[in-house]
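Working through the structure, step by step
Here is what each chain is made of, one letter per residue.
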Amino acid sequence: EIRNCDWSSDVCSSDLGFKWSAIVSEETLTDEIKDMKGVVAQTVASQSDFRGGGYDKAREAFSTVALCFGVIAAYDRDVRWKRDAETARDLFARVGFNCKVGTDQSFNESKLRATDLETLLEGGSPTARPDREEDFRWSQVAGRPALMTRLESADEALAAASASKGDFDKTLDRVLRDAEIVALIGEVIQRPEFEYFDDATYKGHSSAMRDAALKVRDAARKKDYEAARAAVGEVKKSCDACHGDYRN
């Protein structure tokens, strides 16, 4: 059943009582945010490099950070950064969308947000405040292209890890994290206002991907290589089916 949202709130009403902790752990959310610090810092190190294509990497990194803070804001447990999560969500979401192009404006905004990210990681709070005029929508947290890029990198990592039991055993922590990221994206893109969110076939593909990714996660927790490999195959099958129906 499609969840409905109350746009008068800064948190989607469908998130009230929704157990995000069953899909993604606090460790995955915090590790994902921490890892984006280096990516963001690299993209804003040179204005010419940013304009030459670095803005696209910045878009993916900021969008991933915004997604994680969006989940933290709605998380069903007390987690790190929850106090500042809504502010961070909106600030990083905005710069993520603005990094569709490599302009002086998007570069300068990216530098400011890179500083905010470092401040958050050091235990502080961002000094900037978002100027979002509309009520919160999940579709405004991150654009589909950025999410699909992160999804593809997670899928590739899971495929590589499941190539052999040796690879699987050596990368268990990464398998757990990437599986949860796939599951998280599979859940979020079903939320209202994302393209095709009210299409039953699309929702079926997204749900199948989410559920298969959670099977990978559960198998990794048990160190069950064969179960994980089978579930990674299910993830790929759901992705291929969705691409076949919806990718132009």
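Residues numbered from 1 in each chain as written. Predicted model: local features only at pLDDT ≥ 70, side-chain atom pairs only at ≥ 80, totals over all residues. Heavy atoms only, no water.

**Looking at the nonpolar core**
One broad rule of soluble globular proteins: the nonpolar side chains tend to lie buried together. Counting 74 residues, the largest nonpolar core has W20, F69, F92, W138 and L184 as its most contacted members. Breaking this core down by element, the ones donating at least two residues are α1 (26-43), α2 (47-74), α3 (85-98), α4 (104-121), α5 (144-161), α7 (172-188), α8 (200-221) and α9 (225-246). Of all the elements, α2 adds the most residues to this core, at 13 residues. Every residue in contact with F92, bar those within four places of it in the chain, is listed here: F62, V65, A66, F69, R113, D116, L117 and L120. (Core = buried A, V, L, I, M, F, W, Y, C linked by side-chain atoms within 4.5 Å. Buried < 20%, exposed > 50% of the residue type's maximum accessible area, 1.4 Å probe, protein only. Helix = DSSP H or I, 4+ residues; strand = E, 2+ residues; numbered from the N terminus. Contact = heavy atoms within 4.5 Å.)

**Topic: the packing of α1 against α7**
Direction vectors running N to C along α1 and α7 enclose 95°, while the axes themselves pass 10 Å from each other. The orientation of α1 relative to α7 falls into the category roughly perpendicular. Two secondary-structure elements touch here, α1 through T28, L29, D31, E32 and D35 and α7 through R174, R177, E180, I181 and L184. For the contact of α1 with α7, a count of residues per class yields three nonpolar, one polar and six charged. (Axes fitted to C-alpha atoms, helices over the stretch in contact; angles between N-to-C directions. Parallel < 35°, antiparallel > 145°, perpendicular 65-115°, else oblique. Nonpolar A, V, L, I, M, F, W, Y, C, P; charged D, E, K, R; others polar.)

**Here we look at the packing of α2 against α3**
Relative orientation of the contacting elements α2 and α3 amounts to 155°, with a least axis distance of 8 Å. Taken together, the axes of α2 and α3 are roughly antiparallel relative to one another. As for the relative orientation of α2 and α3, their crossing is left-handed in sense. For the pair α2 and α3, the contacting residues are R59, F62, S63, V65, A66, F69, G70, I72 and A73 in the first and A85, E86, A88, R89, F92, A93, V95 and G96 in the second. Taken together, the residues that form the contact of α2 with α3 break down as 11 nonpolar, three polar and three charged. (Left-handed = near helix turned anticlockwise from the far one by under 90°.)

**What about the layout of surface pockets?**
Quantified by volume, the largest pocket comes out at close to 290 Å³. Every residue lining the largest pocket is counted, 17 residues in all, and those nearest its centre are R144, M148, Y202, C242 and H243. Among the elements of the structure, α5, α8 and α9 are those that each provide at least two residues to the lining of the largest pocket. At five residues, α9 tops the list of elements feeding residues into the lining of the largest pocket. (1 Å grid on protein atoms, 1.4 Å probe; cavity = no way out; pocket = protein on both sides within 12 Å on 5 of 7 lines; lining within 4 Å. Points joined across faces, edges and corners; volume = space filled by probe spheres on them.)

**Thoughts on the packing of aromatic side chains**
Inspection of every chain in the model, using the stated rule, returns nine aromatic pairs. On the numbers, 5.4 Å between centres and 65° between planes, the contact of F136 with W138 is edge-to-face. Assessed through its relative accessible area of 1%, W138 is described here as buried. Its guanidinium or amino end placed over the ring of F136, R89 lies 3.9 Å from that ring's centre, counting from NZ or CZ. Directly above the ring of F18 sits R191, whose terminal nitrogen or CZ lies 4.8 Å from the centroid. (Phe/Tyr/Trp six-rings, centres within 6.5 Å; stacked < 30°, edge-to-face > 60°. Lys NZ or Arg CZ within 6 Å of the ring centre and 35° of its normal.)

**Regarding the side chain of S206**
You can see S206 is positioned in helix α8. When its relative accessible area of 2% is taken as the criterion, S206 is described as buried. Once residues within four sequence positions are removed from consideration, S206 is found in contact with G186, I189 and Q190.

**Brief notes about α5**
At 3.6 residues per turn, the α-helix brings residues three or four places apart onto the same side. For α5, spanning 18 residues, the distance from its first C-alpha to its last is 25 Å, which sits close to the expected 26 Å at 1.5 Å a residue. For α5, the full list of buried residues reads A146, L147, R150, L151, A154, D155, L158 and A161. (Expected span 1.5 Å × (residues − 1).)

**Describing the confidence of the model for the chain**
Keep in mind that low pLDDT regions are not for reading the predicted coordinates in detail. Per-chain confidence: the chain averages 90 in pLDDT, with 92% of residues scoring 70 or above. Mean pLDDT across the secondary structure elements of the chain bottoms out at α9, with 91, and peaks at α4, with 97. In this model, residues 1-9 is a region of pLDDT below 50 whose contacts with residues beyond four sequence positions or in other chains number 25 contacts. (pLDDT = per-residue confidence, 0-100.)

**Remarks on unusual backbone geometry**
Here the phi dihedral of W81 falls at roughly 70°; this positive angle occurs in a residue that is not glycine. Tracing the backbone through its elements, the reader meets W81 in the loop between α2 and α3. For K223, which is not glycine, the phi torsion reads 60° and is therefore positive. If you trace the backbone, K223 turns up in the loop between α8 and α9.

**Side note on the pattern of salt bridges**
Proximity of charged atoms lets side chains of opposite charge pair with each other. If you walk through the whole model with that rule in mind, you get 24 salt bridges. Between D104 and R51 there is a salt bridge, with the nearest N and O atoms lying 3.0 Å from each other. Here D104 is found in helix α4, whereas its partner R51 is found in helix α2, with 53 residues between them in sequence. Note that R210 is salt-bridged to E187, the shortest N-O span being 2.8 Å. Taken together, the residues span a long stretch of sequence, with R210 in helix α8 and E187 in helix α7 at a distance of 23 residues. When its relative accessible area of 1% is taken as the criterion, E187 is described as buried. Three or more residues joined by partner-sharing salt bridges are found here, namely E32, D35, R150, R174, R177 and D178. (Salt bridge = Lys/Arg side-chain N within 4 Å of Asp/Glu carboxyl O.)

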